[in-house]
Amino acid sequence: MPFYHKLGSIPHKRHTQFRKLNGTLYYEQLFGTIGFDGMSTNSYHEQRPTQVKAIIKQYSVAPKIAKANNIQSYRFRGFQVKPETDFLESRKTVLVNSDCAIILAAPQQSTNDYFYKNTDADELIFIHKGSGKLRTHLGNLNFKYGDYLLIPRGIIYKIDFDTEDNRLFIVESHRPIYTPKRYRNWFGQLLEHAPFCERDIRRPEELETYNETGDFLMKVKKQGEIIEMVYATHPFDVVGYDGYNYPYAFSIHDFEPITGRVHQPPPVHQTFETDAFVVCSFVPRLYDYHPQAIPAPYNHSNIDSDEVLYYVDGDFMSRNDIEAGHISLHPAGIPHGPHPGATERSLGKTETEELAVMVDTFKPLMVTEEAMKIADEDYYKSWLE
Ligand SMILES: [Fe+2]
């Protein structure tokens, strides 16, 4: 996150002696990205963060591809993904390319007996249903319906849910996820025309510190596999840190929509960017106010990006027969647009209550076997008159 954050106790100068009450040294760790050029955090640990005791096993969790080269529009019924007790096992990749994976999950239980980290992808977790607390080695974040949780790669975390009824829409990104550059000035501050500002971004304010030794199971995701390792010290042993690289939360309900006299294009909804895809938030807003305006979108060809819309809540004006939890996939190379009747239905409407998350990828997405289990195979014919 491109603004500075400090939590807990840190020494006045970097890379200087920082001692515990008993006179021994804390262990400093630089936690950085893009070599030493990206965002980084300096953290101070009770124990060496390097004490691997055993590597138990590793196994593939790579998605099985059903359709590698896809030009068919699909609808997927996301809520048909079955709830599962374990957080990691509940995650079902539905769409994937070499830059990102789009995942649906309905976990019922908190991660009680292990820690988790994704070493090669940032994770963006959108909370569709459920609430709880994301606990990380750099502090905790409470979450509820509508929150995006941005967990940079390498952050060690656990996730606690308040109930068993949880629905998550997750994007794993091999490219770092940032807020859009065009909304930031040359110092990184969000500008006046941005649809959100620093006040909307929730940083960790609660730090759990355990100075414990023993056997601590860590499940590490790397290159499509989970590697189970045992650490000799509690992974949450940070007494303080500062820097720019930390998890944060942003609520879709804090996204301020940008509207106009005529239809505004999808980039006005942009919330996050990478160099491989963008994430947009469609939120309740007033419609276009030109007297002859057509609030429904026009037909459009995403010639060079696949468009994924995850429907969260409200009424989806441009689509017929779409419910919460559905995903539409409109692949690159062919046009799509409002369903028959949707354009006429939109005339004279003054506002929408729709809530949706869109992911537009610049490389084509492959459709997985998990996706085919919940696919509407006839959706691509839904524009026929
Ligand atoms: Fe579209």
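A quick note: this is a predicted structure, and the numbers were derived from the prediction, not measured. (Residues numbered from 1 in each chain as written. Predicted model: local features only at pLDDT ≥ 70, side-chain atom pairs only at ≥ 80, totals over all residues. Heavy atoms only, no water.)

S.K.: Please clarify how the overall build of the chain should be interpreted in this entry.
M.R.: Looking only at helices and strands, the chain has two helices and 31 strands in total. Each principal axis of the C-alpha distribution contributes one length, and for the chain these read about 75 × 45 × 35 Å. Taken over 385 residues, the chain has a buried fraction of 54%. Restricting the contact set of the chain to residue pairs at least 6 apart, pairs at least 24 apart contribute 76%. For the chain, the accessible area works out to roughly 17800 Å², and carbon and sulfur atoms hold 50% of it. Side chains of the chain give 41 positive and 52 negative charges; the mean places of these two sets differ by 4 Å. (Helix = DSSP H or I, 4+ residues; strand = E, 2+ residues; numbered from the N terminus. Buried < 20%, exposed > 50% of the residue type's maximum accessible area, 1.4 Å probe, protein only. Contact = heavy atoms within 4.5 Å. Areas by Shrake-Rupley, 256 points an atom, 1.4 Å probe, with all protein chains shown as cover. Lys, Arg positive; Asp, Glu negative; His and termini not counted. Charge placed at Lys NZ, Arg CZ, Asp CG, Glu CD.)

S.K.: When you look at the sheet that holds strand β5 (residues 65-67) in this model, what are you seeing that I'm missing?
M.R.: Reading across from one edge, β5-β30-β7-β8-β15-β10-β13-β20-β16 is the order of the nine strands in this open sheet, with antiparallel pairing throughout. Only two strands of the sheet have a single neighbouring strand rather than two, namely β5 and β16 (201-202). Note: strand β7 (residues 92-96) against strand β30 (residues 366-368), two bridges, orientation antiparallel. Across the sheet, residue L95 finds its bridge partner in β30, namely V367. (Pairing = 2+ DSSP bridges.)

S.K.: Explain the nonpolar core here, please?
M.R.: Nonpolar side chains in soluble globular proteins tend to be buried together. One finds F76, F87, L95, I125, Y148, F169 and V357 to be the most contacted residues of the largest nonpolar core, which totals 73 residues. Ranked by the residues each element gives to this core, the list is headed by strand β8 (residues 100-105), at six residues. Those residues in contact with F169, other than ones at most four positions away along the chain, are I102, I103, L104, L124, I125, F126, Y310, I327, V357 and V359. (Core = buried A, V, L, I, M, F, W, Y, C linked by side-chain atoms within 4.5 Å.)

S.K.: Explain the pairing of strand β18 (residues 225-233) to me, please; I cannot follow it from the model alone.
M.R.: For a regular strand, the rule is simple: side chains alternate between the two faces of the sheet. Of all nine residues making up β18, eight are buried, and the element is well covered by its neighbours. Here strand β4 (residues 52-60) pairs with β18 via seven bridges, running antiparallel. Among the inter-strand pairings, A54 is bridged to a residue of β18, identified as V230. Across eight bridges, strand β17 (residues 213-222) lies against β18 in antiparallel orientation. Paired with K221 across the bridge in β18 is I226. Between β17 and the antiparallel strand that follows it, β18, lie two residues; Q223 among them carries a positive phi value of about 50 degrees.

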